[in-house]
Amino acid sequence: MEKILENAATLLASSENNIRQNIDHPGSAFSFYSDSINKIGDSIVAMARDSKSRFLVVISSCDDETIVEFTGDRIGTDEIAAKICPLNAANAKALRKVFPWTAPISLRDRKTTVGCGDRLGCATVGHIAAAKEFQVTPVLAQQSIRELALTGRTYRDVVDDTCFMVFQAGYKDGYGADGDHLKTIDDIDVALAADMLMITLDLSDIMNAAAGDWPRSEIDAAFDKLPEGTKQHIIDTYADKTFTVKSSKVNIDAATAKRCAVMYLGALDYAATVHEHLAERRGNKFDLEVSIDETTSPTLPSHHLFIAKELLLRNVEFTSLAPRFIGEFQKGIDYIGDKAEFDRQFRVHADIAQANGDYKVSIHSGSDKFMVYPTIGEMTDMRLHLKTAGTSWLEAVRVIAQHDPVLYRSMHKCSLDNFAAMQELYHITADINKIADVDSLKDEELPALMEQLEARQLLHITYGPILNDKVIRPLFFAAMHKFEKEYHQGIYKHFYKHLNLLGVPKR
Ligand SMILES: [Zn+2]
């Protein structure tokens, strides 16, 4: 650090490009991330790393207004000073103030968006590297309450980690932050307070999903209890009607109209309440996604159309909607199901979205669904939101399998120990007995496990227990720091494949 102070005056008088070339010193214990170097007023702000951690460095003359925003150890003289600033909440806040492009924004006007879901707080640079090559906006911060509980993070942590990595990558094109699968206004407020401007409202608990399987008589009885005006509206608007939505036709018979009313009206009123709350808090600077994907049966096109029309009738401005699609979208592996039937139904879902306010169709558990990506991209005309999450975690596991076989084996065994418990939370069908005993595999055979479906699913759903293991956790994060470049490269390759197969145009 002292070495940097020696020629700080020269650096401060140089252009950003010259600073990039001259700031690193051979023999110094730390190195700068070149893309993070920013000159503002009489200060240079940059990210750097040593063998243990990453941190911000601010170099400034005469304690100018930028350096006083950041907290950290200050060295130097009255004329030239530097601060080494830890990556904490106060410095993330300062970073967003000094460089507003490091804060999340609303993505209402962005056509194609992809949720990246970095559970570790160290994948984002890889996501950005891939996103930069395509006409797509990444939702870099994206986490559900379940993920927060399993990783021991808060929404504040998630957004702050993302801000630092956005700065590290020098990414100024704007990104989103998604409070994923939120069910209550209290949880939504926690996400909003952490600058998460995308709210995914999960209606699966509040809707009457069970009524999907009720017999006619039970539906009729429940429908009869609705207010007269509501019943009249439902019958007049939907019963025995055929709707032409772009190239598709959607029939709603009287029984389906009544069933939809019983299943969804309460939940849709709640969506309207949430929407009003968001508008009050954020004006029009938010993105509301309505999700009904965490239910047991697929969303029929007739139900999707009913939901969209009733949301619009309630003046709910929603950016995206996540139906549950036919077939299986299991974690970490490709689509399972009848691809031709998926194509047929997806066409109708995409037509409904385009004909009813042109919202984005949102695809959850979207990582690695390579088989259906071309359909999704083509039929939505790229007006879509794709959510991925666990796949970035699996790329981290791959790095460990490649570079630290001892650590990999202990992670793998931790997964096996916790698999049954985690199956309660995540629906997967992998037969883990097909996975070879890791002690019988040679070190160089371990990375191949990341190509095996059963091993992928095993490690996919057990991230919580692995990250909470007192012995594994520090070793894992130390390895992620050491192999940062390899990890970002792996994420880049994996995300490039996703965006490419979706058919997102290149920049
Ligand atoms: Zn979902």
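Being a predicted model, the structure only gives us computed values, none of them experimental. The residue count restarts for each chain, going from 1 along the sequence in the order it is written. Whole-chain, interface and lining totals are the exception, using all residues; otherwise, since this is a predicted model, local features are given only for residues with pLDDT of at least 70 and side-chain atom pairs are given and counted only at 80 or more. No hydrogens and no water enter the side-chain calculation; it runs on all heavy atoms of the structure.

## Considering the nonpolar core
At step 1: Side-chain atoms within 4.5 Å are what join buried Ala, Val, Leu, Ile, Met, Phe, Trp, Tyr and Cys residues into a set we call a nonpolar core. Residue exposure (1.4 Å probe, protein chains only): buried if accessible area is under 20% of the type maximum, exposed if over 50%, otherwise partly exposed. Formed by 150 residues in total, the largest nonpolar core has its most connected members in Trp393, Tyr408 and Phe476.
At step 2: Among the elements that take part in this core, helix 11 (residues 254–282) stands out by supplying 14 residues, more than any other.
At step 3: The contact criterion used is simple: two residues touch if any of their non-hydrogen atoms lie within 4.5 Å. Each residue touching Trp393, except ones within four places of it in the same chain, is listed here: Arg119, Leu120, Met411, Leu459, His460, Tyr463, Ile466, Leu467, Phe476 and Tyr487.
At step 4: Core analysis: the second largest hydrophobic core is formed by 19 residues, Met1, Ile4, Ile19 and Ile80 among them. Helix and strand assignments follow DSSP, with helices taken as H or I runs no shorter than four residues and strands as E runs no shorter than two, numbered in order from the N terminus.

## Focus: the coordination of the zinc ion
At step 1: Coordination here is defined by N, O and S atoms within 2.8 Å of the metal (3.2 Å for Na, K and Ca), and since water is not considered, a site can look incomplete. Within the protein, the atoms that donate to the zinc ion are His181 (NE2), Asp293 (OD) and His364 (ND1), at distances of 2.1 to 2.3 Å.
At step 2: Look at where the donors of the zinc ion fall in the sequence and you get H-x111-D-x70-H. Placement of Asp293 in the loop between strand 14 (287–291) and helix 12 (301–313) and of His364 in the loop between strand 16 (360–363) and helix 14 (373–379) is noted, with a sequence separation of 71 residues between them. Comparing Asp293 with His364 shows no difference in burial state: the two are buried.

## Digging into helix 11
At step 1: Multiplying 1.5 Å by the helix residue count minus one yields the expected span of that helix. Here helix 11 is 29 residues long and its end C-alpha atoms lie 39 Å apart, about the 42 Å a rise of 1.5 Å per residue gives.
At step 2: The sharpest bend along helix 11 comes to roughly 50°, located at Tyr264.
At step 3: At the C-terminal side of helix 11, Gly283 shows a positive phi close to 60°. What the bend at a residue measures is the angle between two axes, fitted to the seven residues ending there and to the seven starting there.

## Re the packing of helix 5 (residues 124–131) against helix 7 (residues 155–169)
At step 1: Lines fitted to C-alpha atoms define the axes, with helix axes restricted to the stretch in contact, and inter-axis angles between N-to-C directions lie between 0 and 180 degrees. Between helix 5 and helix 7, the shortest axis-to-axis distance is 9 Å and the interhelical angle comes to 50°. Here helix 5 lies oblique to helix 7, going by the angle between them. Once helix 5 is placed against helix 7, the crossing between them reads as right-handed. Counting all contacts with helix 5, which are made through Thr124, Val125 and Ile128, the residues of helix 7 involved are Thr162, Met165, Val166, Gln168 and Ala169.
At step 2: Three residue categories are used. Nonpolar comprises Ala, Val, Leu, Ile, Met, Phe, Trp, Tyr, Cys and Pro, charged comprises Asp, Glu, Lys and Arg, and polar comprises the others, including Gly. Here the contact of helix 5 with helix 7 is built from residues that sort into five nonpolar, three polar and no charged. These descriptions rest on fixed angle ranges, namely under 35 degrees for roughly parallel, over 145 for roughly antiparallel, 65 to 115 for roughly perpendicular, and the rest for oblique. Two helices crossing with the near one rotated counterclockwise from the far one by less than a right angle form a left-handed crossing, whereas a clockwise rotation gives a right-handed crossing.

## A word on the sheet that holds strand 17 (residues 384–387)
At step 1: Ordered in space as 8-7-17-16-15-14-11-10-9, the nine strands form an open sheet in which the pairing is parallel. At either margin of the open sheet sits one strand with a lone partner, and together these are strand 8 (137–139) and strand 9 (141–144). For this sheet, the mean inter-axis angle between neighbouring strands, taken without regard to orientation, is 20°.
At step 2: Strands were regarded as paired on the criterion that DSSP finds at least two bridges between them. The sheet contact formed by strand 10 (residues 177–182) and strand 11 (residues 198–202) spans three bridges and is parallel. Each residue of the ladder has a partner; that of Leu182, found in strand 11, is Leu201.

## Regarding the packing of helix 15 (residues 390–403) against helix 20 (residues 484–502)
The angle between the axes and the distance between the axes are what describe a pair of packed helices.
At step 1: For the pair helix 15 and helix 20, interaxial distance at closest approach is 9 Å and the crossing angle is 135°. Classed by the angle they form, the pair helix 15 and helix 20 counts as oblique. Every pair of crossing elements has a handedness; the one defined by helix 15 and helix 20 is right-handed. Listed contacts from helix 20 to Thr391, Ser392, Trp393, Glu395, Ala396, Val399 and His403 of helix 15 are Glu486, Tyr487, Gly490, Ile491, His494, Phe495 and His498.
At step 2: Residues belonging to the contact of helix 15 with helix 20 are distributed by class as follows: six nonpolar, six polar and two charged.

## A few points about the packing of aromatic side chains
Ring pairs (aromatic) are described by centroid distance and by the angle formed between their planes.
At step 1: Aromatic contacts are taken between Phe, Tyr and Trp rings whose centres are within 6.5 Å, Trp giving its six-membered ring; a plane angle under 30 degrees counts as stacked, one over 60 as edge-to-face, and the others as tilted. Inspection of the entire model under this criterion finds 22 aromatic pairs.
At step 2: Seen from their ring centres, Phe134 and Tyr496 are 5.1 Å apart, and the 65° between their planes marks the pair as edge-to-face. In this pair, Phe134 sits in the loop between helix 5 and strand 8 while Tyr496 sits in helix 20, placing the two residues 362 residues apart along the sequence.
At step 3: For Phe134, a relative accessible area of 0% gives the class buried.
At step 4: Judged by relative accessible area, Tyr496 falls into the partly exposed class, the value being 24%.
At step 5: Three or more aromatic residues joined by ring pairs make a cluster, and in this case those are Phe325, Phe329, Tyr335, Phe342 and Phe346.

## Some details on the domain arrangement of the chain
At step 1: According to the domain assignment, the chain consists of domain 1 (2–98), domain 2 (102–390) and domain 3 (393–486).
At step 2: As used throughout, domain bounds are those supplied by an automatic or database domain assignment. For domain 1 and domain 3, the distance between their C-alpha centres works out to 37 Å.

## Overview of the layout of surface pockets
Here the idea is plain: a probe the size of a water molecule rolls over the atoms and shows the empty space left.
At step 1: Here a cavity denotes a set of grid points, spaced 1 Å apart and computed over the protein atoms alone, in which a 1.4 Å probe fits but from which it cannot get out, and a pocket denotes an open set meeting protein on both sides within 12 Å along at least five of seven lines; residues with an atom within 4 Å of a point are reported as lining. Grid points are joined across faces, edges and corners, and a volume is the space filled by probe spheres set on the points. In this structure, the largest pocket occupies an estimated 620 Å³ of space.
At step 2: Considering the residues around the largest pocket, the lining is formed by 27 residues, among which Arg54, Leu120, Gly121, Asp161 and Phe477 are closest to the centre.
At step 3: Of all the secondary structure elements, the ones that give two or more residues to the lining of the largest pocket are helix 7, helix 19 (472–482) and helix 20.
At step 4: Within this model, the second largest pocket holds a volume of roughly 480 Å³.
At step 5: Asp293, Glu294, Phe329, Ser365 and His427 are, among the 19 residues lining the second largest pocket, the residues nearest its centre.
At step 6: Residues of the lining of the second largest pocket, tallied by class, amount to six nonpolar, seven polar and six charged.
At step 7: Taken domain by domain, the makeup of the lining of the second largest pocket includes at least three residues from each of domain 2 (102–390) and domain 3 (393–486).

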